[in-house]
Amino acid sequence: MTKAFAIPALAVALAAPAVAAERYEAALDCVPAEVALDYTCIVQLSRGGVPVADAAFTVKPDMPSMPLAHNIAPVPAAAAETPGEYAVPLTLDMHGRWVLRLDISAPARDVVVIDHAFEPE
Ligand SMILES: [Cu+2]
């Protein structure tokens, strides 16, 4: 009985280094706030399909179609209640297609870019 439990635990321990080498993945869900061009976004951060809790990152929006037109400062992400979910309040300059650059500093450095169309609702 004890051995049956010990084997899965060992398998997880051996798999850990492989997971650590994988890139982060991010899913994005943004809801327009009451003020025009304000959005409340939730980022789901994962690595190897596993939610990443206790991450530190900023989100910088930019418009690929309008180089140098916008200069929005990076917004720090705040951990939400669900592990792996982060709240990011964004105030944009206009509607349209934006690219969000996630600059992740912890638990491991990485950059993830998300393409997203922000439209009025
Ligand atoms: Cu623009």
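Scroll up a little and you will see the structure.
Only a predicted model underlies this, so the values are computations on that prediction, with no experimental measurement involved.

A. Highlighting the coordination of the copper ion. Protein-derived coordination of the copper ion comes from Met63 (SD), Met66 (SD), His70 (NE2) and Met94 (SD), at a distance range of 2.0 to 2.2 Å. Viewed at the metal, the four donor atoms of the copper ion are separated by angles of 99 to 127°, and the geometry they form is tetrahedral. In the primary structure, the donors to the copper ion are separated according to the pattern M-x2-M-x3-H-x23-M. Of this pair, Met63 sits in the loop between strand E4 (56-62) and strand E5 (75-76) while Met94 sits in the loop between strand E7 (85-91) and strand E8 (96-106); the two residues are 31 residues apart in sequence, bridging distant segments of the chain. Assessed through its relative accessible area of 29%, Met94 is described here as partly exposed.

B. Local environment of the environment of Pro74. When you line up the elements, Pro74 lands in the loop between E4 and E5. A residue is classified by how much of its surface remains accessible, and Pro74, at 46% relative accessible area, is partly exposed. Distance in space between the C-alpha atoms of Pro74 and Leu90 is 9.4 Å, their sequence separation being 16 residues. When near neighbours in sequence (up to four residues on either side) are disregarded, Pro74 contacts Thr58, Val59 and Lys60.

C. Region of interest: unusual backbone geometry. In the segment running from Ala106 into Pro107, the intervening peptide bond is cis, with an omega of 5°. For Pro107, the position within the fold is in the loop between E8 and strand E9 (110-118). Despite not being glycine, Leu37 shows a phi value in the positive range, around 75°. One can find Leu37 in the loop between strand E1 (24-32) and strand E2 (38-47). With a phi angle near 60°, Asp54 is a residue other than glycine that sits in the positive phi range.

D. Quick peek at the pattern of salt bridges. Tallied over the entire structure, the rule returns three salt bridges. Here Arg23 and Asp110 are joined by a salt bridge, their closest N and O atoms 2.8 Å apart. Placement of the pair is Arg23 in the loop between helix H1 (2-20) and E1 and Asp110 in strand E9, with a sequence separation of 87 residues. Judged by its relative accessible area of 51%, Arg23 is exposed.

E. Fine view of the nonpolar core. The biggest cluster of nonpolar side chains holds 26 residues, and the ones touching the most others in it are Leu45, Phe57, Leu90, Leu102 and Phe118. Contact partners of Leu90, with chain neighbours within four places excluded, come to Leu37, Asp38, Tyr39, Cys41, Val59, Pro61, Val75, Leu100 and Phe118.

F. Quick look at the state of the cysteines. Scanning the model with the defined rule gives one disulfide in all. The partner cysteine of Cys30 in its disulfide is Cys41, sulfur to sulfur 2.1 Å. On the S-S bond that ties Cys30 to Cys41, the torsion sits near 110°, and the link is right-handed. A residue pair is termed long-range when its members are at least 10 positions apart, and Cys30 in strand E1 and Cys41 in strand E2 qualify at eleven residues. No difference in accessibility class separates Cys30 from Cys41, as the two residues are buried.

G. Structural view of the side chain of Asp110. By relative accessible area, Asp110 is classed as buried at 13%. Those residues in contact with Asp110, other than ones at most four positions away along the chain, are Arg23, Tyr24, Leu102, Asp103 and Ile104.

The rules we used
Residues numbered from 1 in each chain as written. Predicted model: local features only at pLDDT ≥ 70, side-chain atom pairs only at ≥ 80, totals over all residues. Heavy atoms only, no water. Donors = N, O, S within 2.8 Å, 3.2 Å for Na, K, Ca; no water. Tetrahedral: all angles 85-135°; square planar, octahedral: opposite > 155°, others 65-115°. Helix = DSSP H or I, 4+ residues; strand = E, 2+ residues; numbered from the N terminus. Buried < 20%, exposed > 50% of the residue type's maximum accessible area, 1.4 Å probe, protein only. Contact = heavy atoms within 4.5 Å. Salt bridge = Lys/Arg side-chain N within 4 Å of Asp/Glu carboxyl O. Core = buried A, V, L, I, M, F, W, Y, C linked by side-chain atoms within 4.5 Å. Disulfide = S-S within 2.5 Å.

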